[in-house]
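Breakdown of the fold
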Amino acid sequence: MLRRIAPDLPVSIGDCDRERVPATVSYDLELRDVRKVYGNGTIAVERFDLRVERGEFISFVGPSGCGKTTTLRMIAGFEAITAGEVLIRGQRINELPAERRPTSTIFQNFALFPHMSVQANIEYGLAVKGLAPAERRAKARGMIEKLELADVAARRPDGLSGGQRQRVALARSLVVEPEILLLDEPLGALDANLRKSIQNELKLLQRNLGITFVFVTHAQSEALVLSDRVVVMNRGTIEQLSTPYELYRRPKTPFVARFIGRNALIGGRMIGLSDGLCAVDTPHGALRGRGNGEDLGPGDAAIVVVPSEAIDIHPAGRSGGMPDLGRDANGLSGQVISSDVVGHTLFLVVRLGDGAEVRVESHVARYAVDLVAVGCDVALSWAAEESTIIRQD
Amino acid sequence: MEGRPLVRWSLMIYTGLFIVFLYGPFVVLAILSFQAGPNGGPQFPIIHWSIYWYKQLFSLNPPSSVAPLPIGDALVRSLILASVTMVLSTVLGTITAQAFRRRFKGSTLVFYLVVLGMIVPGVLVGLGVALVSNSLDIARTWWGTAFATHVVYTYPFAFLVMLAIFNRFDRSVEEAAWSLGVPPGRTFRKITFPLIFPGVLSAMLFAFTLSYDEFPRSLFAAGPDLTLPLAIYGTFQIEVHPDIFAFGVLTTLFSFSLLAVYGILMALSLRRARKVAIQEEAA
């Protein structure tokens, strides 16, 4: 999966999409070729390279079992590191026990201490650090106010709502002033509305505090909204590490193209370059798109990735003729097999000549609904610039 | 259920019989303990109601042909033995269950080794202990050989109780503590232990009552100074008087009071769990 696509470009995965940084800069968090193998021989994480700068919001995203949580737990100190190195501010922490690492973790179930009040939960970490009672009370109070927990400070965690528990967990972790906050699916246990609002709070909080957040989620939307950079993981390795925008616009692997956004993937063989764009021979004719800096030669198996929002729909109309799509456009034709309107968005599924299905998303007002109803013939087009050509693996 | 009278009636009868068999012997015992003394015997009918045999237990009666029940020392021994056994078994059981939270090499073997202590027939264990201590020339005592066999017997029960408790225990609470900078030892004392305390109480109750009641192992392992069950059995060898029933009633009440203490401690621990405050940490 992670084989280097351009062997002549000696760029390690960790460097993807990063500016070259002078060697003297020490990163807030650095993972060097980290590997995790469980006792039974299962490889959970492999070749994990990552450099995070101070104050970055970085997400690990991927399907369950991809190794994202395991990686987080290795950073936290809950899992032993089989090979490789984890450094925090340039210091190797592989052997440091969890309680001595400058990290703090937020768990999916929040893991509040059920036998302590909210206030005591928040103060506990400070008490263990040996702060004087008055000092820790003041600090805890500050955090309680910051997270608007004053009303429930005396209550027990089991009497709180999901959102309140979430904030208590945040307060408890932040009050000990960690260098890095680790968040393991922290929004997973909340309902959709709450998730949205807490998502925003989280982002604001991170900006204000200026500390590094490492956020694990299986929901790509959370990762894309919150993060400065996203690590997409699959089967224990990094598929792509880049900004949400890049990830979305220029996926590097078929996995990322399927996992992030809503893309149509059309397979074919590379023809070559024309006008700075790659051309791919597909069952639907030649399609063009931007390359991804990859070394794709003529004849190589390639995939054209088309974001569903980039696609224009051209109803065949009564004449049934194929509309002219213009020189730079790419085109496909097919039949609508599903058409749904959700709010202002029109969702179409179009079956192409070879049986492949393409999803299209568009604003509902752009088309006459009866011309894009199930059974209608339509042509689809998009600006070649919008699509990306990647190597088929 | 509503529409099936047959099922309902048979379940009711079953439950009724269950209760009769559970409490019947005790009720009979209790009634006979109020037999007249010193001439009334351990059988119906009741000549007339009296508390003579209770007084007999505490040597409050004028001298008669009936000798006092020789169980006073045995009772003290059994209480001490049960208490110490309870503490050791619960500590061992908790530690072992803690070890079993992670898979380790040979864990299955260790599990069966521990559980063997409650599976092997008690008479055989007792006999074995007697043979071994004879051949090794170790004196058999209630505080030595019997204590060891009691621990071997009750430790698996405590272990299984704690294993069940840890099974439902949310590990991430401990991890949260570590990640806040709390060292593992302190995490166990301040976070884990308060949360598993109800389980610890249950393990203690098991260990105490099992040891207090233990007969077959003690029979061979206890040596010349008898534990309570042995002493009671010994009184049957001569002549049975209703004072033994009076004692039965008292000891059953004692067991019930243990249960009550357990219930109160449980309730207290739940309430205290709600009150464990940071003040403790200040110390």
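Residues numbered from 1 in each chain as written. Chains lettered and ligands numbered in written order. Predicted model: local features only at pLDDT ≥ 70, side-chain atom pairs only at ≥ 80, totals over all residues.

**Thoughts on the domain arrangement of chain B**
What counts, and what does not: Domain boundaries shown here were taken from an automatic or database domain assignment.
Each assigned domain of chain B is listed with its residue range as follows: domain 1 (5–57) and domain 2 (72–240). Here domain 1 of chain B and domain 2 of chain B have C-alpha centroids that lie 33 Å from each other.

**What about the packing of helix α4 (residues 107–119) of chain B against helix α6 (residues 145–167) of chain B?**
Residues and elements named next belong to chain B. Heads up, the condition is: Note on definitions: angles span 0 to 180 degrees between N-to-C directions of axes, and those axes are lines fitted to C-alpha atoms, for helices only across the stretch in contact. Helix and strand assignments follow DSSP, with helices taken as H or I runs no shorter than four residues and strands as E runs no shorter than two, numbered in order from the N terminus. Working definition: roughly parallel below 35 degrees, roughly antiparallel above 145 degrees, roughly perpendicular at 65 to 115 degrees, and oblique for all remaining angles. Left-handed describes a crossing in which the near helix is turned anticlockwise from the far one by less than a right angle; the clockwise case is right-handed. Remark: residues whose backbone-derived C-beta atoms lie within 7 Å of one another are considered to be in contact. In this count, Pro and Cys sit with the nonpolar residues alongside Ala, Val, Leu, Ile, Met, Phe, Trp and Tyr, while Asp, Glu, Lys and Arg are called charged and the others, Gly among them, polar.
Direction vectors running N to C along α4 and α6 enclose 120°, while the axes themselves pass 7 Å from each other. With respect to each other, α4 and α6 are oriented oblique. Where α4 crosses over α6, the handedness of that crossing is left-handed. Of the residues in α6, those in contact with V114, V115, G117 and M118 of α4 are V152, Y153, Y155, P156, F157 and F159. Partitioning the contact of α4 with α6 into residue classes produces nine nonpolar, one polar and no charged.

**A closer look at the interface of chain A and chain B**
Taken together, the contact pairs 25 residues of chain A with 22 residues of chain B. For the side of chain A that touches chain B, the elements supplying multiple residues, two or more each, are β6 (103–106) and α2 (118–128) of chain A. Element by element, the count of residues in the side of chain A that touches chain B is highest for α2(A), at six residues. Residues belonging to the side of chain A that touches chain B are distributed by class as follows: 14 nonpolar, six polar and five charged.

**Quick look at the sheet that holds strand β4 (residues 83–88) of chain A**
Residues and elements named next belong to chain A. Applied cut-off: Paired strands, as defined in this entry, are two strands with at least two bridges between them according to DSSP.
Strand order across the open sheet formed by four strands is β2-β1-β4-β5, with antiparallel pairing between neighbours. Edge positions in the sheet fall to β2 (43–52) and β5 (91–92), since each has one partner strand and no second. With six bridges joining them, strand β1 (residues 29–37) and β2 adopt antiparallel strand pairing. Residue V34 lies in a different strand from β2, and its bridge partner there is F48. Lying over the sheet, helix α1 (residues 68–76) contacts β1, β2 and β4, oriented at roughly 115° with respect to β1.

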